[in-house]
Amino acid sequence: MFEPTNGKAGHVEEIHWPSLVAAISSVSAVGIAIGLGLPLLSIILEKRGIPSSLIGLNTAMMGIAAMIAALITTKLAHRFGVVQTMIWAVVLSALSSLGFYYAESLLLWFPLRLIFHGSTTTLFILSEFWINAASPPSKRGFVLGLYSTVFSLGFAAGPLLFSLVGSEGLMPFIIGACIILAATIPIFIARNESPIVDEKPELHFIRYVFLVPTATAAVFVFGAVTVGGGSLFTSYATRLGFNESQAALLLTVMGVGNFVFQIPLGLLADRLRDKRPLLSIMAAIGLVGALLLPSLAWNWILLAVILLFWGGCVSGMYTVGLSHLGTRLTGADLVAANAAFVFCYAVGMVLGPPTIGTAMDLVNPSGFAWAIAFFFGLYVLLSAIRLLFMGSRG
């Protein structure tokens, strides 16, 4: 195991590359599997004649599973250790991914979703804790930007893999399970480098949600906008008059922005002692971009340019928010706060789609942009209040 300079995870002087390779590669393998699984499972349910409402309800179990995992992961890591907990999470997620093929009843898919996404959420929490713990403060933003970039590539590779293997038979499930199980290799290799959660967090879990609200609110907005906006953007674009291929290409442009901007934003965050102004600026760009969407609906190129920068800023809120979290906390407090961070992401993931969808029903189609602007506006207001009245806290 690596020994931080002050004995606490989160304050090291040099990058511990074995730890980072283990954490980043393991969570990226899971990202590929999730990117493969999301369209695969939806297509299979649709072929079985399951109504869209039930497909959506089953998919919403992702957020519930993430919330449950966020509540218990710190306790598991404290009791069993980071590496052992991660390996068990890998095994459970791989087995449950195979279970979808053999489960004929939709009712069985609900507990399978809980197990699969609960296990993968545990991997995310502990991987991000490991990354934060193995990163020196001066380079944490760069490392987290690298992590976000690699994960984005993995997540994007999932749909590409799906287009190659299709949805028929057992093979796509075997491929997904094998990719997940491959995550155990780097974890096992770096097992002696893993941080130790040797004490219980000082505060109750919910207290960590409000301990660093600038970070947890940022990831809430990220979850609401990326999941809600991403799932409904194609519908919004087609209602504007674009065809399906044009709408899909616009969504790809947002993904490119996500990929391109993470390392530069991470490097910028490393230069800032207080990262909250950067989070506020990105939220303000998100707000302005959302408000501009209806007025740019007539021009695909202008819309694409806005979405390129908008996508980068939205995803940057996750990277910089996570970096801010690592700056403020260490040890057991860091892993508990990381769990609270993911919990807030899950809450946003649950609330975002129905809020944006309802807004589109009420004001068609501009409700999409107004709802997203609402989420960003809330964050801009919160961050302004905290910067003006709370000083250096949060």
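From a predicted model like this one, the values you see are computed outputs, not experimental measurements.

**Quick look at the overall build of the protein**
When you go through the protein residue by residue, the secondary structure sums to 15 helices and zero strands. By the compact-globule yardstick of 21 Å for 394 residues, the protein fits well, its C-alpha radius of gyration being 20 Å. Going through the 394 residues of the protein one by one, you find that 53% of them count as buried. When the accessible surface of the protein is totalled, it reaches about 16,700 Å², and 70% of it is carbon and sulfur. Side chains of the protein give 19 positive and 16 negative charges; the mean places of these two sets differ by 6 Å.

**Some thoughts on empty space enclosed by the protein**
Applying the stated criterion across every chain yields a total of one cavity of 30 Å³ or more. Looking at the largest cavity, its volume works out to about 120 Å³. Around the largest cavity, the lining is made up of 13 residues, and of these Ala 33, Gly 37, Leu 40, Ser 97 and Phe 173 lie nearest the centre. When its residues are assigned to classes, the lining of the largest cavity shows ten nonpolar, three polar and no charged.

**Comments concerning the packing of aromatic side chains**
Each pair of aromatic rings is reported with the distance of its centres and the angle of its planes. Applying the stated rule across the entire model yields 14 aromatic pairs. Relative to Phe 173, the ring of Tyr 101 has its centre 5.6 Å away and its plane inclined at 55°; by these criteria the two rings are tilted. On the criterion of sequence distance, the pair formed by Tyr 101 in helix α4 (residues 82-102) and Phe 173 in helix α7 (residues 171-181) is long-range, its members being 72 residues apart. Since its relative accessible area comes to 31%, Tyr 101 is described here as partly exposed. Take Phe 173: its relative accessible area is 5%, and that puts it in the buried class. For the pair Tyr 236 and Phe 368, a centre-to-centre distance of 4.4 Å together with 15° between the ring planes defines the contact as stacked. Residue Tyr 236 is found in helix α10 (residues 213-240), and its partner Phe 368 is found in helix α15 (residues 367-389); the two are separated by 132 residues along the sequence. Given the relative accessible area of 1%, Tyr 236 is considered buried. Grouped by ring-pair contacts, the aromatic residues Phe 222, Tyr 318, Phe 341 and Tyr 345 constitute a single cluster. In this arrangement the basic side chain of Arg 191 is found over the ring face of Phe 188, its NZ or CZ atom lying 4.0 Å from the centre.

**A look at the pattern of salt bridges**
Inspection of every chain in the model, using the stated rule, returns two salt bridges. Among the salt bridges present, the one from Asp 274 reaches Arg 276, with a minimum N-O distance of 2.9 Å. Arg 276 gets classed as buried once you look at its relative accessible area, which sits at 4%.

**A word on the side chain of His 117**
Checked against the element boundaries, His 117 lands in helix α5 (residues 106-133). The class of His 117 is buried, set by a relative accessible area of 5%. His 117 has contacts with Met 62 and Ala 65, leaving out every residue within four places of it along the chain.

**Side note on the domain arrangement of the protein**
Domain assignment breaks the protein into domain 1 (17-195) and domain 2 (202-389). Just the C-alpha atoms count here: the centres of domain 1 and domain 2 sit 21 Å apart. Counting from both sides, the interface comprises 29 residues of domain 1 and, opposite them, 26 residues of domain 2. Across the domain 1/domain 2 interface, buried area totals approximately 2,400 Å², and carbon plus sulfur atoms make up 73% of it. Contact with domain 2 buries area across many residues of domain 1, yet Met 67, Glu 128 and Phe 129 alone supply 20% of it, more than any other trio. The interface formed by domain 1 and domain 2 includes zero salt bridges.

**Some words on the nonpolar core**
With 110 residues, the main nonpolar core has Met 317 and Phe 376 as its most contacted residues. In terms of residues, this core owes the most to one element, helix α1 (residues 17-47), which gives 14 residues. In this structure, this core is formed jointly by two domains, domain 1 (17-195) and domain 2 (202-389), each of which donates at least three residues. Not counting residues within four places of it along the chain, the set of residues in contact with Met 317 comprises Ala 218, Val 221, Leu 279, Met 282, Ala 283, Phe 376 and Tyr 379. Residues Ala 70, Ile 125, Ala 339 and Phe 343 belong to the second largest nonpolar core, which totals five residues.

**Looking at the packing of helix α3 (residues 61-80) against α4**
Their axes nearest at 7 Å, the elements α3 and α4 cross at an angle of 120°. Overall, the two elements α3 and α4 adopt an arrangement that is oblique. Between α3, through Leu 76, Ala 77 and Phe 80, and α4, the contact on the second element is made entirely by Val 82, Gln 84 and Thr 85. Here the contact of α3 with α4 is built from residues that sort into four nonpolar, two polar and no charged.

**Considering the side chain of Thr 319**
For Thr 319, the location among the structural elements is in helix α13 (residues 300-328). Separated by 2.8 Å, the side chains of Thr 319 and Ser 148 make a polar contact. Ignoring any residue separated from it by four or fewer positions in sequence, one finds Thr 319 in contact with Gly 141, Leu 144, Gly 145, Ser 148 and Gln 262.

What counts, and at which threshold
Residues numbered from 1 in each chain as written. Predicted model: local features only at pLDDT ≥ 70, side-chain atom pairs only at ≥ 80, totals over all residues. Heavy atoms only, no water. Helix = DSSP H or I, 4+ residues; strand = E, 2+ residues; numbered from the N terminus. Rg over C-alpha atoms; globule rule 2.2 N^0.38 Å. Buried < 20%, exposed > 50% of the residue type's maximum accessible area, 1.4 Å probe, protein only. Areas by Shrake-Rupley, 256 points an atom, 1.4 Å probe, with all protein chains shown as cover. Lys, Arg positive; Asp, Glu negative; His and termini not counted. Charge placed at Lys NZ, Arg CZ, Asp CG, Glu CD. 1 Å grid on protein atoms, 1.4 Å probe; cavity = no way out; pocket = protein on both sides within 12 Å on 5 of 7 lines; lining within 4 Å. Points joined across faces, edges and corners; volume = space filled by probe spheres on them. Nonpolar A, V, L, I, M, F, W, Y, C, P; charged D, E, K, R; others polar. Phe/Tyr/Trp six-rings, centres within 6.5 Å; stacked < 30°, edge-to-face > 60°. Lys NZ or Arg CZ within 6 Å of the ring centre and 35° of its normal. Salt bridge = Lys/Arg side-chain N within 4 Å of Asp/Glu carboxyl O. Contact = heavy atoms within 4.5 Å. Domains from an automatic or database assignment. Buried area = accessible area lost by both parts, 1.4 Å probe. Core = buried A, V, L, I, M, F, W, Y, C linked by side-chain atoms within 4.5 Å. Axes fitted to C-alpha atoms, helices over the stretch in contact; angles between N-to-C directions. Parallel < 35°, antiparallel > 145°, perpendicular 65-115°, else oblique. Polar contact = N/O pair within 3.5 Å; in protein donor to acceptor, adjacent residues only side chain to side chain.

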